[in-house]
Amino acid sequence: MRSSTATRDIKDTEDGRVTDTDPMTQGRPAVGRHDHHAHHPAAFATAAASIASFLVGMDVLIVNVALPTIARDLGGDMAVQQWVVDGYSLLFAALLLLCGNLADRWGARRVFVAGASLFAAASLFSSFAWSMTALVAGRCLLGVASALILPASMSLINEANPNPRRRAWALALWGAGGASASAVGPLLGGLLTPIHWSLVFAINVPFCLLVLLLTLRVAPSPRRPKPFDWTGQTLALTGFVLFIAGVIEIGSLAVNSPLAWGMTAGGAFTLAAFVRSQARVATPMMPLGLFRVRGMQVALMIGFVMIFNWYGMVFISTMFLQNERGMGALAAGLVFVPSAFVTVFGNILGGRIITARGSRFSITLGLSIMIAGFLFEFLYPAPIPVWVIATGLSVVGFGAAITTPAAAGVVLASVEASQAGIASAMFNTFRQVGGAVGVAVFGVVATFLPTLTLALRAVFLASAALLALILVFELLCWRER
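Note that this is a predicted model, so its numbers are computed, not measured.

**Student:** Go over the overall build of the protein chain, please, and point to the residues and values.
**Tutor:** Within the protein chain, the secondary structure is distributed over 18 helices and 0 strands. Put simply, the protein chain has 481 residues, and 62% of those count as buried. A sequence separation of at least 24 residues applies to 83% of the contacts in the protein chain between residues at least 6 apart. Summed over its atoms, the accessible surface of the protein chain is roughly 17300 Å², and 70% of this surface lies on carbon and sulfur atoms.

**Student:** So what's going on with the packing of aromatic side chains? Residues and values would help.
**Tutor:** Applying the stated criterion across every chain, the model contains 10 aromatic pairs. Each ring, one from tryptophan 197 and one from phenylalanine 201, has its centre 6.4 Å from the other, and the planes form 85°; the classification is edge-to-face. The structure contains a cluster of three or more aromatic residues connected by ring pairs, namely Phe376, Tyr380 and Trp387. Cation over ring: arginine 357 sits above phenylalanine 361, and NZ or CZ is 4.0 Å from the ring centre.

**Student:** An account of the packing of helix α14 (residues 337–357) against helix α16 (residues 386–413) is requested, with residue identities and associated values reported.
**Tutor:** Packing of α14 against α16 brings their axes to within 7 Å, and their N-to-C directions diverge by 35°. Classified by chirality, the crossing of α16 by α14 is right-handed. In contact with Pro338, Ser339, Val342, Thr343, Phe345, Gly346, Asn347, Leu349, Ile353 and Ile354 of α14, α16 contributes Leu393, Ser394, Gly397, Phe398, Ala401, Ile402, Pro405 and Ala406. Residue composition of the contact of α14 with α16, grouped by class: 12 nonpolar, 6 polar and no charged.

**Student:** Report on α14, specifying residues and quantitative values.
**Tutor:** Because each turn of an α-helix spans 3.6 residues, side chains separated by three or four positions end up pointing in the same direction. Here α14 spans 30 Å end to end across 21 residues, near enough to the 30 Å set by a 1.5 Å rise per residue. Along α14, the residues that are buried comprise Val337, Ser339, Ala340, Thr343, Gly346, Asn347, Gly350, Gly351, Ile353, Ile354 and Thr355.

**Student:** Run through the environment of leucine 471, naming residues and quoting values.
**Tutor:** Locating leucine 471 in the fold gives a position in helix α18 (residues 452–480). Note: C-alpha distance between leucine 471 and isoleucine 363 (108 residues apart in sequence) is 8.6 Å. Those residues in contact with leucine 471, other than ones at most four positions away along the chain, are Thr364, Leu367, Ser368 and Ile371.

**Student:** Help me get a handle on a nonpolar patch on the surface, residues and values and all.
**Tutor:** A surface patch of nonpolar side chains, amounting to about 330 Å² of accessible area, comprises Phe125, Trp130 and Leu141. For tryptophan 130, the position within the fold is in the loop between α5 (108–127) and α6 (132–160).

**Student:** Any chance you could break down the side chain of serine 50 for me, citing the residues and the numbers?
**Tutor:** Considering the arrangement of structural elements, one finds serine 50 in helix α3 (residues 42–74). By relative accessible area, which is 12% here, serine 50 ends up buried. Excluding anything up to four places from it in sequence, serine 50 contacts Ala170, Leu173, Trp174 and Gly177.

**Student:** Lay out the environment of glycine 57 in plain terms, naming residues and giving numbers.
**Tutor:** Mapped onto the fold, glycine 57 is located in helix α3. Separated by 124 residues in the primary sequence, glycine 57 and alanine 181 place their C-alpha atoms 5.3 Å from one another.

**Student:** Lay out α5 with the relevant residues and their values.
**Tutor:** A rise of 1.5 Å per residue sets the reference length of α5, with its 20 residues, at 28 Å; its end C-alpha atoms lie 28 Å apart and thus fit the reference within 8%. When α5 is considered as a whole, its buried residues turn out to be Ala108, Val111, Phe112, Gly115, Ala116, Phe119, Ala120, Ala122, Ser123, Ser126 and Ser127.

**Student:** Give me the side chain of threonine 270: which residues, what numbers.
**Tutor:** In this fold, threonine 270 is placed in helix α11 (residues 258–278). The residues touching threonine 270, leaving out its near neighbours within four places in the chain, are Leu235, Thr238, Gly239 and Leu242.

**Student:** Before we move on, could you go through the confidence of the model for the protein chain and cite the residues and values that matter?
**Tutor:** In low-pLDDT regions, the fine details of the predicted coordinates are not to be read closely. On average, the protein chain scores 77 in pLDDT, and the residues at 70 or more come to 84%. Long-range and interchain partners of residues 1–40, a stretch whose pLDDT sits below 50, account for 74 contacts in this model, where long-range means more than four residues apart.

**Student:** Please provide a residue-by-residue account of the environment of alanine 236, values included.
**Tutor:** If you trace the backbone, alanine 236 turns up in helix α10 (residues 230–253). Residue alanine 236 is classed as buried on the basis of its relative accessible area of 0%. Taking the C-alpha atoms as reference points, alanine 236 and methionine 286, 50 residues apart in sequence, are found 10.0 Å from one another.

Here is what the cut-offs are and how they apply
Residues numbered from 1 in each chain as written. Predicted model: local features only at pLDDT ≥ 70, side-chain atom pairs only at ≥ 80, totals over all residues. Heavy atoms only, no water. Helix = DSSP H or I, 4+ residues; strand = E, 2+ residues; numbered from the N terminus. Buried < 20%, exposed > 50% of the residue type's maximum accessible area, 1.4 Å probe, protein only. Contact = heavy atoms within 4.5 Å. Areas by Shrake-Rupley, 256 points an atom, 1.4 Å probe, with all protein chains shown as cover. Phe/Tyr/Trp six-rings, centres within 6.5 Å; stacked < 30°, edge-to-face > 60°. Lys NZ or Arg CZ within 6 Å of the ring centre and 35° of its normal. Axes fitted to C-alpha atoms, helices over the stretch in contact; angles between N-to-C directions. Left-handed = near helix turned anticlockwise from the far one by under 90°. Nonpolar A, V, L, I, M, F, W, Y, C, P; charged D, E, K, R; others polar. Expected span 1.5 Å × (residues − 1). Patch = residues over 30% accessible without salt bridge, like charges linked within 9 Å, V, L, I, M, F, W, Y side chains within 5 Å. Salt bridge = Lys/Arg side-chain N within 4 Å of Asp/Glu carboxyl O. pLDDT = per-residue confidence, 0-100.

Laid out in structure tokens, this is it:
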């Protein structure tokens, strides 16, 4: 039955509308396929997954506003501050494939609970950090917890919402959590940092407790025992760590540093070896056949570029507002308020657009809106006023809010239910690697350009160009079908 659901959803991505042609589910709520849904409503799984998505997304960016204050208390130059951000993103991205496999192997609910519990513990550790080294360690633990949470959250939604229409709405709420967190994070950082910077980490604990309480009402997930690819995971983790660390250190050591470029090249070589190893093992942790699925190709490219642009823009915008415009942490955080409301509205509207017009139309519309937002900011004459940054963030966030749930839906529609965890992990791996590389690359840009204004304009132009390329790629892929 689950494979027929996947087939129906693939029709959605091709024909442009969500339809439910299965006579077993048509005309009644999608609770009859599994008896446990009658006793454990899908609403609890969707709520837990959406709040967890918000929590994971918020923790990526809430620390940005607090970084100048943290650096004054604990020390650290630009490279160390980047590690506070990228220590989280690095482990998050590097372990997603492993955790996606664990979600399929051990059950999504079990992995989800483990991730939420670790997230609470790591947040408390970070809030009591006594040095920058301890804080980076705490952020790395938070990255591990997020890697456990995110693919499992998508699998929970997939299990609890077998009906395509319900799944579209659930994914819209899940996307609303992550997208709104990107804007709420800097705002909360601005509100909490003047009290004490440790609160930007302690605020996570109540959210974790709420998620764990909701998960008590979620049905146990199926377990699918299979061999574990130790070689693949070792190569993937080593490759991601070396590559992203090398990009970060290029900005710290110098663009001609042999050590920095050596780490980057070593990471790229190791990741290539990882891909090669996946073609040779009987049970790969990242099935290469998924890359041949057109929907996965589109979704993975979109996920990488969108988060690369967004995280890079938020990182440089925060530095610009505080270091070049002289704004305080709270004032800088308030600049992100409009985009917080807009992204929530965009995700709700995005769910309606997906059900009415399909994923293909939603992705095209969302990418076009994002390009318009970046071009507006780039073309506005200097000096760049604060309202232009706030408006641009809102327009870009609105487009991303429409695009993200549609892309996530394409991922789940492109695979069998037994591969939902690893497919979700691949999608989120591309997103988080994009975010980590985005902060690293644009941090390098900020280091070498004479002013943050020029760095901000470079981010706007590069982001618009990359999204335009992805839009053309997406349109060509759908035309071929």
